[in-house]
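Structural overview
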Amino acid sequence: MSTFQAPKGTYDLTPPRSATFLAVREAISAPLRDSGYGYIETPGFENVELFARGVGESTDIVTKEMYTLTTKGGDQLALRPEGTASVLRAALEANLHKAGNLPVKLWYSGSYYRYERPQAGRYRHFSQVGAEAIGTEDPVLDAELIILADQAYRSLGLRQFRILLNSLGDKECRPVYREALQTFLRDLDLDEETRRRIEINPLRVLDDKRSDVQKQLTDAPKLRDYLCDACKAYHEEVRALITAAGVVFEDDEKLVRGLDYYTRTTFEFVHDGLGSQSAVGGGGRYDGLSEMIGGPELPSVGWALGVDRTVLALEAEGVELDLPATTSVYAVPLGEEARRVLFGVVTELRRAGIAADFAFGGRGLKGAMKSANRSGARYTLVAGERDLAEGVVQLKDMESGEQTAVPLTEAAAELAKRLG
Ligand code: AMP
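Okay, so let's go over this structure.

Conventions adopted
- Residues numbered from 1 in each chain as written.
- Predicted model: local features only at pLDDT ≥ 70, side-chain atom pairs only at ≥ 80, totals over all residues.
- Heavy atoms only, no water.
- Helix = DSSP H or I, 4+ residues; strand = E, 2+ residues; numbered from the N terminus.
- Rg over C-alpha atoms; globule rule 2.2 N^0.38 Å.
- Buried < 20%, exposed > 50% of the residue type's maximum accessible area, 1.4 Å probe, protein only.
- Contact = heavy atoms within 4.5 Å.
- Areas by Shrake-Rupley, 256 points an atom, 1.4 Å probe, with all protein chains shown as cover.
- Lys, Arg positive; Asp, Glu negative; His and termini not counted.
- Charge placed at Lys NZ, Arg CZ, Asp CG, Glu CD.
- Core = buried A, V, L, I, M, F, W, Y, C linked by side-chain atoms within 4.5 Å.
- Expected span 1.5 Å × (residues − 1).
- Arc of directions from axis to C-beta.
- Polar contact = N/O pair within 3.5 Å; in protein donor to acceptor, adjacent residues only side chain to side chain.

**With respect to the overall build of the protein**
- The number of helices and strands found in the protein is 15 helices and 16 strands.
- For 420 residues, the compact-globule estimate of 2.2 N^0.38 gives 22 Å, and the protein exceeds it by more than 25% at 27 Å.
- Overall size of the protein, expressed as C-alpha extent along the three principal axes, is 90 × 50 × 45 Å.
- Across the 420 residues in the protein, those meeting the buried criterion constitute 49%.
- Taking the intrachain contacts of the protein between residues at least 6 apart in sequence as the baseline, contacts between residues at least 24 apart amount to 69%.
- Split by element, the accessible area of the protein, about 20800 Å² in all, is 50% carbon and sulfur.
- Put simply, the protein has 51 plus and 63 minus side-chain charges, and the middle of one group is 5 Å from the middle of the other.

**Some words on the nonpolar core**
- By size, the foremost hydrophobic cluster in this structure holds 38 residues, and its most contacted members are Leu32, Tyr37, Leu145, Tyr153, Phe269 and Trp303.
- The set of elements that each furnish at least two residues to this core consists of α1 (17–33), β6 (125–134), α5 (139–155), β7 (161–167), α9 (229–244), β9 (263–271), β11 (300–306) and α11 (307–317).
- It is α5 that provides the largest number of residues to this core, a total of 7 residues.
- Those residues in contact with Tyr153 that lie beyond four places of it in its chain are Leu158, Phe161, Phe269, Val280, Gly281, Leu305 and Thr310.

**Comments concerning unusual backbone geometry**
- Omega for the bond connecting Pro15 with Pro16 falls within 30 degrees of zero, at 5 degrees, which places this linkage in the cis form.
- You can see Pro16 is positioned in the segment before α1.
- Going from Leu102 to Pro103, the amide bond is cis rather than trans, its omega being 0 degrees.
- For Asn95, which is not glycine, the phi dihedral falls at a positive 55 degrees.
- Position of Asn95 relative to the elements: it lies in the loop between α4 (84–93) and β5 (104–113).
- Backbone geometry places Arg264, a non-glycine residue, at a positive phi of 45 degrees.
- Summarising the element assignment, Arg264 is placed in strand β9.

**Observations regarding α5**
- Over its 17 residues, α5 runs 24 Å from end to end, which matches the ideal 24 Å to within 8%, given 1.5 Å per residue.
- Looking only at α5, the buried set comprises Pro139, Leu141, Asp142, Ala143, Leu145, Ile146, Leu148, Ala149, Asp150, Ala152 and Tyr153.
- At the C-terminal side of α5, Gly157 shows a positive phi close to 95 degrees.

**Description of helix α7 (residues 192–200)**
- Restricting attention to buried positions, one finds in α7 the residues Thr194, Arg197 and Ile198. Relative to the axis of α7, the buried residues are bounded by an arc of 110 degrees and lie together on one face. The exposed residues of α7 that point more than 90 degrees off its buried face are Glu192, Arg196 and Ile200.
- In this structure, the buried residues of α7 make contact with α3 (60–63) and α6 (174–186).
- Capping the start of α7, Asp191 holds a side-chain oxygen 3.2 Å from the backbone nitrogen of Glu193, two or three residues further along.

Given below as structure tokens:
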């Protein structure tokens, strides 16, 4: 293995592609920031216990995919595999829910870790932007989050994504369905592991991707037929609200999510250009989670969108984000004296908020102009001995190719004027 190789299942973000990742994080969070969501940041690791309780002992995430470690002090920690449990833990710890302003609306952005079998779109270190609205049961809130995710994807120029929607019922009706499903599943021809899953997390069996399993599930009892009246009415309201907002979705009664704590509204964003790892984001209501981790009753809803897969979706659709050039002015000094003088101008420009860069290392004109081109700068400043003797610098418009001599003392002001 080469020393210069990132660990298996991980990759580095390097320029220029890294700029797209930043822009995606920005685009996903913008609608949230405009809708009353406050930024929250939690540690990259938590006590294992939080995820065992909050994500669920029976999920793959906890049983197979968690990076756990014992500290020198003997604490059992885990790198966070997802965001919701940590955000809720932090909100409870800070008593945000007691400030009398429910729901507590939070957004986050960060790295997550799962020990998975790496493949295209599935990594061991990945990045999500997420949102949680804690402490309120209101279909408008569920609708708000779905609409904001849709808005985020549209603002990026994505079109080939679909929203799948389902209701998982609540603590009244879900147990009844669970039992009916278990009875049905126990009669099927399934392998040992799937049989075990029937007993601990039967809804997950519906999610099985293998076609021989799917074939046997055609006549499985449908959750929809078991929803209690309250859940039905709630779900209808969510559907009506997002329909009224013009957001297109598909009812998907087989949609269940890997985590134990979801109730009622559940949804997934899938992109059709991504092959088998088609889920770009997902979320739903998790009314029972707070109590599961030892908190008060706090019905909540949230989602997490994967940044890595969103970037892959952009690439699949051929969407080029309109990223502004990072450098507006590029300075090319010819000679020692010019180096000092132009570096002074660059510093002045930067202090005035104009993005400027410099040809370092005393390179010749040709090589330096190549770098100027590559930087995407709108203007270059070139100065040699003769220019300095005359008290001017050459200002070149990189779009028109036009070059004018500008008095050195006015160079920064002239550029500020031209760049608006
Ligand atoms: P989940 O918590 O599994 O619903 O994940 C939410 C989103 O995070 C998914 O829709 C993906 O976009 C992203 N995601 C989850 N796991 C991975 C992974 N191993 N690699 C890349 N993205 C992931």
